[in-house]
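Descriptive analysis of the structure
The lines below spell out each chain.
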Amino acid sequence: LDGGVPKTYSLPDDVRLYYTHTVNAYENASGVVIDICSLPENPFASVGLTVEGFKNKTARDSSGRGIVRRYFLPSDDDRVLIQNISDTKRATDFTQINKHYVGVQHCYYWGVEWFSDTKTYASMALVKYDVCGGEAPKRWAREGWYPSEPTFVPAPGGESEDDGVLVFVALVGARGDSELVTVNATTMGALSRGAVPRIGFTTHGQFYEAA
């Protein structure tokens, strides 16, 4: 953007880049890092995004599992380096980070997880990944609860990147209603729950400060 010559990077022949959401992107001394929710097929041309597909357990349980991948574009080469940064046995999307880290190196991200039991599409959880220290993933889950995208709300004057809460709506399957839930973003332990009118899976969420 400062007048440099555009550079083209080549993906390996066996990689097809289908993706939905960007976790974050930033530049360091050796290149550019892009973390993306990647899928093995075009998610918007799949039976998995139809009512018919969702009602068919065999079809939904055999759907492709989106994973979060790190694509590194080195300054001194034109080949993209790829690293999986979520569990390939599960599906992860609708990711969130601490917004104060957008465009700079982050260590944590949170997201919605399907196939949380590694077998069943509708086995859902919220998951936290550490891409710096290698801390084991942490999850919030309730049997038969279906969480929508969480929003990370940083603690005022927070001392660490993951100091804050996750706010999200979850559909409670057995009851047929929903709850607004807050979770400690550091530990993934539940903090509060409150009844709200029935809200189906909402994909994206948003938090607006009172001010």
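Scroll up a little and you will see the structure.
These notes cover the structure that comes with them. Fair warning: this is a prediction, and the values are worked out from it, not measured in the lab. In this numbering scheme, every chain counts its residues from 1 along its sequence in written order. Where local features are concerned, this predicted model is filtered to residues with pLDDT of at least 70; where side-chain atom pairs are given and counted, the filter is 80 or more; whole-chain, interface and lining totals use all residues. Neither water nor hydrogens contribute to the side-chain values; these are computed over all heavy atoms in the structure.

Here we look at a nonpolar patch on the surface
- Within the patch definition used here, like charges are joined within 9 Å and nonpolar side chains (Val, Leu, Ile, Met, Phe, Trp, Tyr) within 5 Å, considering only residues with over 30% relative accessible area and no salt bridge. Per-residue and other accessible areas follow the Shrake-Rupley method at a 1.4 Å probe size, with only the shown protein chains counted as cover for residues. For salt bridges, the criterion is a side-chain nitrogen of Lys or Arg within 4 Å of an Asp or Glu carboxyl oxygen. Where nonpolar side chains cluster on the molecular surface, the patch consists of Phe 44, Leu 49 and Phe 54 and spans about 340 Å² of accessible area.
- Position of Phe 44 among the secondary structure elements: in the loop between β2 (31-39) and α1 (51-55). Under the DSSP-based scheme used, a helix requires at least four consecutive residues in state H or I and a strand at least two consecutive residues in state E, with every element numbered from the N terminus.

Considerations on the sheet that holds strand β7 (residues 125-130)
- Strand order in the open sheet formed by four strands is β5-β6-β7-β8, and the pairing between neighbours is antiparallel. Looking along the sheet, the strands with just one partner apiece sit at the ends: β5 (91-96) and β8 (138-140). Between one strand and the next, the sheet's axes are offset by a mean angle of 30°, whatever the strand orientation. Pairing between strands requires that DSSP locate at least two bridges from one strand to the other. Axis geometry follows a simple rule: fit a line to the C-alpha atoms, using only the stretch in contact for helices, then measure angles between N-to-C directions, giving values from 0 to 180 degrees.

Topic: the side chain of Arg 90
- By the secondary structure assignment, Arg 90 is in the loop between β4 (81-84) and β5.
- A relative accessible area of 17% places Arg 90 in the buried class.
- As used in this structure description, the phrase polar contact means that two N or O atoms lie within 3.5 Å; if the pair is within protein, one of them must be able to donate a hydrogen and the other to accept it, and residues adjacent in sequence are counted only when both atoms belong to side chains. In this structure the side chain of Arg 90 is engaged in a polar contact, spanning 2.4 Å, whose partner is the side chain of Asp 87.
- Of note is the side chain of Arg 90, whose polar atom sits 2.8 Å from the backbone oxygen of Ser 116.
- The residues contacting Arg 90, other than those within four sequence positions of it, are Arg 65, Gly 66, Ile 67, Glu 113, Trp 114, Phe 115, Ser 116, Thr 118 and Arg 139. Burial classification: accessible surface area is computed with a 1.4 Å probe over protein chains only, and a residue below 20% of its type maximum counts as buried, one above 50% as exposed, and the rest as partly exposed. We call two residues contacting when some pair of their heavy atoms lies within 4.5 Å.

Quick notes on the packing of aromatic side chains
- In summary, the pairing rule links any two rings of Phe, Tyr or Trp, Trp by its six-membered ring, whose centres are within 6.5 Å, and it sorts them by plane angle into stacked for under 30 degrees, edge-to-face for over 60 and tilted for everything else. Tallying each qualifying case throughout the model produces nine aromatic pairs.
- Relative to Phe 168, the ring of Trp 140 has its centre 5.0 Å away and its plane inclined at 65°; by these criteria the two rings are edge-to-face. Here the residue Trp 140 occupies a position in strand β8, and Phe 168 occupies one in strand β11 (residues 164-172), the gap between them amounting to 28 residues.
- With a relative accessible area of 3%, Trp 140 lands in the buried category.
- A relative accessible area of 2% means that Phe 168 is categorised as buried.
- Aromatic rings pair up to connect Phe 54, Phe 94, Trp 114, Phe 115 and Tyr 121 into one cluster.
- For a ring to carry a charge above it, either NZ of a lysine or CZ of an arginine must fall within 6 Å of the ring centroid while also lying within 35 degrees of the normal to the ring plane. Sitting above the plane of the Phe 115 ring, Arg 65 keeps its charged end 3.8 Å from the centroid.
- Looking at Lys 128, its charged tip hangs above the ring of Tyr 108, at a distance of 4.6 Å from the centre.

What about the nonpolar core?
- Ranked by internal contacts, the top residues of the largest apolar core, which has 21 residues, are Trp 110, Trp 114, Trp 140, Leu 166, Phe 168, Val 183 and Met 188.
- Put simply, the parts of the chain that give this core at least two residues each are β5, β6 (108-114), β11 and β12 (177-184).
- Buried residues of nine kinds, namely Ala, Val, Leu, Ile, Met, Phe, Trp, Tyr and Cys, make up a nonpolar core once their side-chain atoms join them within 4.5 Å. In terms of nonpolar packing, the next biggest core, distinct from the first, is built from eight residues, Val 23, Cys 37, Ile 85 and Tyr 109 among them.

Structural notes on the environment of Phe 54
- Examined against the element boundaries, Phe 54 turns out to sit in helix α1.
- As a C-alpha pair, Phe 54 and Ala 174 span 120 residues in sequence and 18 Å in three-dimensional space.

Notes on the pairing of β11
- In terms of burial, β11 is largely enclosed, as eight of its nine residues are buried.
- Sheet topology note: the strand β9 (residues 145-147)/β11 ladder contains three bridges and is antiparallel. When the sheet's bridge partners are listed, Pro 147 is paired in β11 with Ala 170.
- Bridge analysis of strand β10 (residues 151-154) against β11 gives four bridges, and the strand direction is antiparallel.

Quick notes on the state of the cysteines
- Here, a disulfide means two cysteine sulfur atoms that sit within 2.5 Å of each other. Using the criterion set out here, one finds one disulfide in the structure.
- A sulfur-sulfur separation of 2.1 Å characterises the disulfide bridge that pairs Cys 107 with Cys 132. Here the S-S torsion is close to -90°, and the disulfide linking Cys 107 with Cys 132 is therefore left-handed. Taken as a pair, Cys 107 in the loop between β5 and β6 and Cys 132 in the loop between β7 and β8 lie far apart in primary sequence, 25 residues in all.
- Cys 132 supplies the cysteine sulfur nearest to Cys 37, a cysteine that is in no disulfide, at a spacing of 17 Å.
- The class for Cys 37 is buried, based on a relative accessible area of 1%.

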